[in-house]
Amino acid sequence: MTDNITSVGGGSRPDTGVSALKGRTGPGAPAETRGKTTIADGVVAKIAGMATREVPGIHSMGAGMARAFGAMRERVPGGGGGVTRGVKVEVGERQAAVDLDVVVEYGVSIVDVAGGVRTNVISALERMTGLEVVEVNIAVDDVHLPDEEEEAERDEGRVR
């Protein structure tokens, strides 16, 4: 956001009374300096969630019960995809901080995946919102084992 500051009053400068320093107002001012843009926390959370899921080695997001409820919600028609599950954000006027809960695939380097997530989230948020991302904290809550999906599919097929 650009502040519009107008200098008024007597001074030794010959241009006293003209818009000064950070921007001009009125019809001659650039369009991007007219008005204020506010970005909701939910928008920042969605961008961070999508950017996290794009990184190879991320299996899912969310911790424990949130992940279980989210998986149930995804199966219900109209329940939503849960893009923001496992994402918490704090958004100020010019800065944002992100906390992520993730589950990684077994066999990947957690350090490399975390670095990739940080890079992807920071670049997506700064490019799309213009906010400075001050930190991206990542909590790895679980490791997804290859045989876990097979067991889950067998359990779903059982008659209870």
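You'll find the structure just up there.
Sequence order sets the numbering: in each chain, residues are counted from 1 along the sequence as written. pLDDT decides what is reported in this predicted model: residues at 70 or higher carry local features, side-chain atom pairs at 80 or more are listed and counted, and totals for whole chains, interfaces and linings draw on all residues regardless. Side-chain figures throughout are based on the complete set of non-hydrogen atoms in the structure, without hydrogens or water.

**Here's the deal with the overall build of the protein**
Numbered from the N terminus, helices here are DSSP runs of H or I no shorter than four residues, and strands are runs of E no shorter than two. When helices and strands are counted, the protein shows 4 helices and 6 strands. Listing every helix and strand of the protein by position from the N terminus yields β-β-α-β-α-β-β-α-β-α. Classification of the 160 residues of the protein by burial places 26% in the buried group. Partitioning the contacts of the protein with sequence separation of at least 6, the portion at a separation of at least 24 is 64%. Only the protein chains shown count as cover for residues, and all accessible areas are computed by the Shrake-Rupley method using a 1.4 Å probe. Accessible surface, the protein as shown: approximately 10,500 Å² in total, 53% of it carbon and sulfur. Three exposure classes are used, based on accessible area relative to the maximum for each residue type with a 1.4 Å probe and protein chains only: buried under 20%, partly exposed in between, and exposed over 50%. Working rule for contacts: check all heavy atoms of both residues, and any pair within 4.5 Å makes them a contact.

**A word on the environment of valine 104**
Considering the arrangement of structural elements, one finds valine 104 in strand E5 (residues 95–105). Valine 104 gets classed as buried once you look at its relative accessible area, which sits at 2%. When the C-alpha atoms of valine 104 and alanine 114 are compared, they prove to be 9.4 Å apart, with 10 residues separating the residues in sequence. Look past the residues within four positions of valine 104 in its chain and what remains in contact with it is Gly57, Ile58, His59, Ile110, Val113, Val140, Asp142, Val143 and His144.

Honestly, it's all geometry; don't read function into it.
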